[in-house]
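Coordinate inspection notes
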Amino acid sequence: MSRSAHPAGPRHADVLPEGGHYVAPPTDLNVLDPRVWPQTATRTSTGSVSVGGLDVKDLAEEFGTPLYVLDEADFRARCRAWRDAFGDDADVFYAGKAFLSRAVVRWLTEEGLNLDVCSGGELSIALAAGMPPERIALHGNNKSSAEIEQAVGAGVGRIVLDSFQEIARVAHIADRLGRRQPVQIRVTVGVEAHTHEFIATAHEDQKFGLALAGDTSSRSSGDRGHPEAPGGPAAEAVRRVLKLDSLELVGIHSHIGSQIFDTSGFEVAAHRVVGLLTDIRDEHGVELPEIDLGGGLGIAYTPEDDPSEPHEIAVSLRKIVERECRGAGLSVPRLSVEPGRAVIGPSACTVYETGTVKELPGLRTYVSVDGGMSDNVRTALYDAEYTVSLVSRSSEASPMLSRVVGKHCESGDIVVRDAFLPDDLAPGDLLAVPATGAYCRSMASNYNHALRPPVVAVRDGEARVIVRRETEEDLLRLDVG
């Protein structure tokens, strides 16, 4: 939606009351902007929307609503785009936390991507679906001994170490299992990405990683009383890992945040990581073979968002790493990246049925749907912005400023904070929110004992359930009291 500076009427309001910005309604409410919709999404001759060659009305009738519709062809195409952009001399790890299922793991394996997991559950899904363990990385700031043993025993390609305690824990388990476990050290580089506080992960005051800056005075209680070593916690972590025969230090890992649209933050991060690599060479005579710059690349949630293409990101990151390493006299290490949202986010949309339409004269119209924060908590949690369209038919009616809300007993249960929908919208109409492939089903909950929606993969006119809808029997089965 484009911003303008003119007043608005009470019904077809083009003003956002919160914040004082004036927003012009779109000229055609039936247009599906390709920047936010799956690649195969299109209007049919009858005015409804199809994805993967299937009408959303037919999908809703067969599978019910709310419903996550995942465009398999779109997802696979994005996997290939990332793989081709970085080539064979780099590694692309799909961040499984965005959304993971056995079908998705099989697609990743077939399309040549690796997989980043951050829990025992995600690791179990990956192994059950046949992802080769050497193509899996295990993350997490507080991995349990059971999760570490599961990973080491399976032979995962790397474990990303996040604390001094974890160094000892992984080393002990690897030694007991007779393995030499490849590891990376996650560092915080003091770069605060332009993102929400809760998803910015490289400034020092947060739970992830070991700081490059400062000293080791904040070590765990088991380390107190030991003399300070030069450098920060990250340098001390390197020293400890290199002394342990059961660990193989293969690289340094950094992640600066999420929903990032430019690579300037990565440039600063790479400069500081290369500084650590230089110190490691000078102190230990070792040049580490890998550098992982993490993920966090943004997608278009609204037409105003302008993310870079994978090949543009690849060229930029390669130039940054090569320039920094050559400037420091280092060999250029193998580069890794971890897109999750950027792969699956645009590949899915969520289909809802409209329940009530409530006009607040002079303000906006509240449109209630049969889902909400239990299937998409991002608006409530991060103030995330989405767009929404009427998808069961086309409409030539005038645009009305709307707020799409859920059915939960919570005033913050908002799906789309501000959107224009046709003013002939009625109960029973289907709405769809695009760009919901990432962090919607994976963060879904049973709040108010809601049933989590199914994920239906569509491709070439065929649909199949890859994650089934929960039932009341599922809820009762867990309630053993």
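As a reminder, the structure under discussion sits directly above these lines.
All of these numbers come straight from a predicted model, not from anything done at the bench.

The next point concerns the overall build of the chain. Helix and strand content of the chain: 12 helices and 23 strands. Out of the 481 residues in the chain, the part that is buried amounts to 54%. For the chain, the share of sequence-separated contacts (at least 6 apart) that also reach a separation of at least 24 residues comes to 67%. With an accessible surface of roughly 20200 Å², the chain has 49% of that area assigned to carbon and sulfur atoms.

Turning our eyes to something else, we now look at empty space enclosed by the protein. Counted under the stated rule, the structure contains two cavities of 30 Å³ or more. Around the largest cavity, the lining residues are Tyr68, Leu70, Phe99, Ile344, Ala348, Thr436, Gly437, Arg441 and Val455. Volume-wise, the second largest cavity comes out at about 50 Å³. Lining the second largest cavity we find Leu277, Glu287, Leu288, Leu330, Ser331 and Pro333.

The next point concerns the packing of aromatic side chains. Applying the stated criterion across every chain yields a total of four aromatic pairs. With centroids separated by 6.1 Å and ring planes inclined at 5 degrees, the aromatic side chains of Trp82 and Phe86 adopt a geometry described as stacked. Highlighted residues: Trp82 and Phe86, both in helix H2 (residues 72-86), separated by four residues, approximately one helical turn. Neither residue differs from the other here; Trp82 and Phe86 are each classed as buried. Members of the aromatic cluster, connected to one another through ring pairs, are Phe75, Tyr94 and Trp107. The residue whose ring lies beneath Arg240 is Phe164, and the NZ or CZ to ring-centre distance is 4.1 Å.

Another aspect to go through is the pattern of salt bridges. Under the defined criterion, the tally for this structure stands at 28 salt bridges. Arg76 serves as the salt-bridge partner of Glu72, at 2.9 Å between the closest nitrogen and oxygen. Of this pair, Glu72 and Arg76 both sit in helix H2, separated by four residues, roughly a single helical turn. Arg76 gets classed as buried once you look at its relative accessible area, which sits at 10%. The closest approach of N and O atoms between Arg452 and Glu470, which form a salt bridge, is 2.7 Å. One end of the pair, Arg452, is in the loop between strand S21 (430-434) and strand S22 (455-459); the other, Glu470, is in the loop between strand S23 (462-467) and helix H12 (472-478), with 18 residues separating them in the sequence. Overall, the relative accessible area of 13% leaves Glu470 in the buried class.

The subject of this paragraph is helix H9 (residues 310-327). Taking 1.5 Å of rise per residue, 18 residues should cover 26 Å, and H9 covers 26 Å from first to last C-alpha, within 8% of that figure. Residues of H9 that are buried include every one of Pro310, Ile313, Ala314, Leu317, Ile320, Val321, Glu324 and Cys325, and no others. All buried residues of H9 project into a common sector of 135 degrees when viewed along the axis, lining one side. Opposite the packed face of H9, turned more than 90 degrees from it, sit the exposed residues Lys319, Arg326 and Gly327. Check the buried side of H9 and you find it contacts H2, helix H8 (264-284), strand S14 (290-292) and strand S15 (334-337). Count one or two residues on from H9 and you reach Gly329, which has phi positive near 75 degrees.

Parameters and conventions
- Residues numbered from 1 in each chain as written.
- Predicted model: local features only at pLDDT ≥ 70, side-chain atom pairs only at ≥ 80, totals over all residues.
- Heavy atoms only, no water.
- Helix = DSSP H or I, 4+ residues; strand = E, 2+ residues; numbered from the N terminus.
- Buried < 20%, exposed > 50% of the residue type's maximum accessible area, 1.4 Å probe, protein only.
- Contact = heavy atoms within 4.5 Å.
- Areas by Shrake-Rupley, 256 points an atom, 1.4 Å probe, with all protein chains shown as cover.
- 1 Å grid on protein atoms, 1.4 Å probe; cavity = no way out; pocket = protein on both sides within 12 Å on 5 of 7 lines; lining within 4 Å.
- Points joined across faces, edges and corners; volume = space filled by probe spheres on them.
- Phe/Tyr/Trp six-rings, centres within 6.5 Å; stacked < 30°, edge-to-face > 60°.
- Lys NZ or Arg CZ within 6 Å of the ring centre and 35° of its normal.
- Salt bridge = Lys/Arg side-chain N within 4 Å of Asp/Glu carboxyl O.
- Expected span 1.5 Å × (residues − 1).
- Arc of directions from axis to C-beta.

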